[in-house]
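Each chain, written out:
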Amino acid sequence: MRIWHQAVTLSEVKPVVEVEMLHHLGIEIVAIGDDWLKGRMPVDERTKQPAGLLHGGATCVLGESLASIASALCVDLATHTAVGTEISASHIRSAKGGFVYGTCRPFHIGRRNHVWDVRICDDMDRLISVVRMTAAILAY
């Protein structure tokens, strides 16, 4: 079942990441399905902490970005907007290089709020982090 407000293609979603933070961290959208969105982020000097591991804050940026984009795709942007209201992350293992991939799926899509599950895995499909993000849906 398609959850998006209107049919959308990957090429239509890709320009959304051309905002400063996502561009700076190298985040890109790599796939979209009827009820999920997938993005990736490099593990490099932009996203590592001093110990050489993926920074938990960068992981949260990837998770919140995917969930925010997904919420925006679920509403009529002419009349509504989606804003993040809560995020939590559990970091399971570390990553030292390559890419991490986040796959975003809904827990709940309501008229007033959306709750998203973002599973972040490394290049070998090992779970790195689990992010849950809630968005409020606001009318203009």
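**Focus: the overall build of the protein chain**
Moving on, step 1. Check the secondary structure of the protein chain and you find three helices and six strands.
Moving on, step 2. Beginning at the N terminus, the succession of helices and strands in the protein chain can be written as α-α-β-β-α-β-β-β-β.
Moving on, step 3. Judged by the C-alpha coordinates and their principal axes, the protein chain covers about 45 × 30 × 30 Å.
Moving on, step 4. Per-residue burial for the protein chain yields a buried fraction of 39% across its 140 residues.
Moving on, step 5. Excluding contacts between residues fewer than 6 apart, the proportion of contacts in the protein chain whose partners are at least 24 apart in sequence is 62%.
Moving on, step 6. Just so you have it, the protein chain exposes about 7500 Å², and 52% of that area is on carbon and sulfur atoms.

**Details of the sheet that holds strand β3 (residues 80-91)**
Moving on, step 1. Strand order in the open sheet formed by six strands is β1-β2-β4-β5-β6-β3, with antiparallel pairing between adjacent strands. With one partner strand each, in any of the chains shown, β1 (28-32) and β3 form the two edges of the open sheet. Going from strand to strand, the sheet's axes swing by 25° on average, the running direction of each strand aside.
Moving on, step 2. Relative to strand β5 (residues 113-122), strand β4 (residues 99-109) runs antiparallel, the two being bridged by nine bridges. Across the sheet, Tyr101 pairs through a bridge with Cys121, a residue of β5.
Moving on, step 3. Across the face of the sheet, helix α3 (residues 56-74) comes into contact with β1, β2 (37-42), β3, β4, β5 and β6 (127-139) while running at roughly 135° to β5.

**Overview of the packing of aromatic side chains**
Moving on, step 1. For the coordinates displayed, the defined rule picks out one aromatic pair.
Moving on, step 2. Ring geometry for Phe99 versus Tyr101: centroids 6.3 Å apart, planes at 45°, classification tilted.
Moving on, step 3. Directly above the aromatic system of Phe99 lies the positively charged group of Arg40, at a separation of 3.8 Å from the ring centroid.
Moving on, step 4. The side chain of Arg132 reaches across the aromatic face of Phe107, ending 4.4 Å from its centre.

**Overview of the environment of Asp44**
Moving on, step 1. In this structure, Asp44 sits in the loop between β2 and α3.
Moving on, step 2. Exposure remark for Asp44: the relative accessible area of 16% places this residue in the buried category.
Moving on, step 3. Placed 52 residues apart in sequence, Asp44 and Lys96 show a C-alpha to C-alpha distance of 7.9 Å.

**Some words on the nonpolar core**
Moving on, step 1. Counting 31 residues, the largest nonpolar core has Trp4, Leu37, Met41, Leu54, Val100, Cys104 and Trp116 as its most contacted members.
Moving on, step 2. When residues of this core are traced back to their parent elements, those giving at least two are α2 (20-25), β1, β2, α3, β4, β5 and β6.
Moving on, step 3. When residues of this core are assigned to their parent elements, the largest contribution, nine residues, is made by α3.
Moving on, step 4. Not counting residues up to four positions away in its chain, the partners in contact with Leu54 are Met41, Val43, Thr47, Lys48, Gln49, Thr59, Ala95, Val100 and Ile128.

**Section: the pattern of salt bridges**
Moving on, step 1. On inspection of all chains with the given rule, the structure shows four salt bridges.
Moving on, step 2. For Asp44, the salt bridge identified is with Arg46, shortest N-O distance 2.7 Å.
Moving on, step 3. In this structure, the salt-bridge partner of Arg126 is Asp122, at a minimum N-O distance of 2.7 Å.
Moving on, step 4. Judged by relative accessible area, Arg126 falls into the partly exposed class, the value being 35%.

Criteria and thresholds
Residues numbered from 1 in each chain as written. Predicted model: local features only at pLDDT ≥ 70, side-chain atom pairs only at ≥ 80, totals over all residues. Heavy atoms only, no water. Helix = DSSP H or I, 4+ residues; strand = E, 2+ residues; numbered from the N terminus. Buried < 20%, exposed > 50% of the residue type's maximum accessible area, 1.4 Å probe, protein only. Contact = heavy atoms within 4.5 Å. Areas by Shrake-Rupley, 256 points an atom, 1.4 Å probe, with all protein chains shown as cover. Pairing = 2+ DSSP bridges. Axes fitted to C-alpha atoms, helices over the stretch in contact; angles between N-to-C directions. Phe/Tyr/Trp six-rings, centres within 6.5 Å; stacked < 30°, edge-to-face > 60°. Lys NZ or Arg CZ within 6 Å of the ring centre and 35° of its normal. Core = buried A, V, L, I, M, F, W, Y, C linked by side-chain atoms within 4.5 Å. Salt bridge = Lys/Arg side-chain N within 4 Å of Asp/Glu carboxyl O.

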